[in-house]
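Inside the fold
Here is how the chains run, residue by residue.
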Amino acid sequence: MSRVTIAAQPVDTNTLRKELQQPGCGGFCVFEGWVRETNEGREVSGLDYEAYNELAIGEGERIIDEAVQRFGIADARCAHRVGSLAVGDTAVWIGVVSPHRDEAFRACRYIIDQVKQRLPIWKKEHYLVGESSWVACAHAPADEHDHAHQG
Amino acid sequence: MTSVTVEYYAQLREQAGQGRETITSDADSLAALYGELRQRHGFRLDIAQLKVAVNAQFRDWQQAFADGDLIVFIPPVAGG
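Residue positions are counted from 1 within each chain, in the order its sequence is given. A letter from A marks each chain and a number from 1 marks each ligand, given out in the order of writing. Local features are withheld for residues below a pLDDT of 70 in this predicted model, meaning they are given only at 70 or higher, and side-chain atom pairs are given and counted only at 80 or more; totals for whole chains, interfaces and linings count all residues.

Before going further, it helps to spend a moment on the sheet that holds strand S1 (residues 4–7) of chain A. Residues and elements named next belong to chain A. Here, any two strands with at least 2 DSSP bridges between them count as paired. Strands are runs of DSSP state E lasting at least 2 residues, helices are runs of H or I lasting at least 4, and numbering of each runs from the N terminus. As summarised here, the arrangement of the four strands in space is S1-S5-S7-S2, forming an open sheet in which the pairing is mixed. Since the sheet does not close on itself, it has two edges, and those belong to S1 and strand S2 (27–34), each with one partner. The average undirected angle you get between the axes of adjacent strands in this sheet is 10 degrees. Sheet analysis places S1 next to strand S5 (residues 75–81), joined by four bridges and oriented parallel. Residue pairing for S5: Val-4 is matched across the bridge by Cys-78. In this description, a residue-residue contact is defined by the distance between C-beta atoms placed from the backbone, which must lie within 7 Å. With axes taken as lines fitted to C-alpha atoms, and helix axes fitted only over the stretch in contact, angles between N-to-C directions fall between 0 and 180 degrees. Across the face of the sheet, helix H1 (residues 13–20) comes into contact with S2, S5 and strand S7 (90–98) while running at roughly 15 degrees to S7. Sitting on the sheet, helix H2 (residues 53–71) is in contact with S1 and S5, with an inclination near 145 degrees to S1.

In structure tokens:
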């Protein structure tokens, strides 16, 4: 079963949560990224995500493998929406389980940061005023200014 | 001549006016292929702003490509 989902419809996060639940794990950490109503001072009415699915899933699996290696977590899931999203919609969901909380928090942070930089996913923002535009926030190293739309 | 399929996403898709095309080229590297397609479609993104994938694996720009490859140029990403 793939640990990474690129979804054209809202994701049932309860199912993802149940997939992760296991008796050896006492820590479950989730990050949800939502569509925010403003970005860099402009009012956002909604946005469209598109993905190169096959590479996005492959790269997402590599990121989770790295998180398992680095932090010793037990398991993780990542789901990212594509298609048209409105303000308040969940764009990305990351869930991590581990025996203890510290590695779950750190791995969750690692996964979302890497997802934003590495997954071939693109975002076109629509504004209340003015022309829509493709948002370019990456191939930037982690320490550069974060143009991220949420989080 | 090598025959490959190229897929376009985001601004490249809009500028190409299509999501996918099959082309023949005698370019000797992925960089040279992008140069040809950039000229044909008027892509505004410079190669320094892109990555490239062949058959769903990231590749170096200086690598060659083979008949039947699926090539995707990756504009700056913005997931999350």
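What follows continues from the structure just given.
A few words on the interface of chain B and chain A. Facing the 14 residues of chain B at the interface are 25 residues of chain A. Mapped by element, the contributors of at least two residues to the side of chain B that touches chain A are helix H1 (10–16), strand S3 (51–54) and strand S5 (70–74) of chain B. Each residue gets one label: Ala, Val, Leu, Ile, Met, Phe, Trp, Tyr, Cys and Pro are nonpolar, Asp, Glu, Lys and Arg are charged, and the others, such as Gly, are polar. Residue classes in the side of chain B that touches chain A are distributed as ten nonpolar, three polar and one charged.

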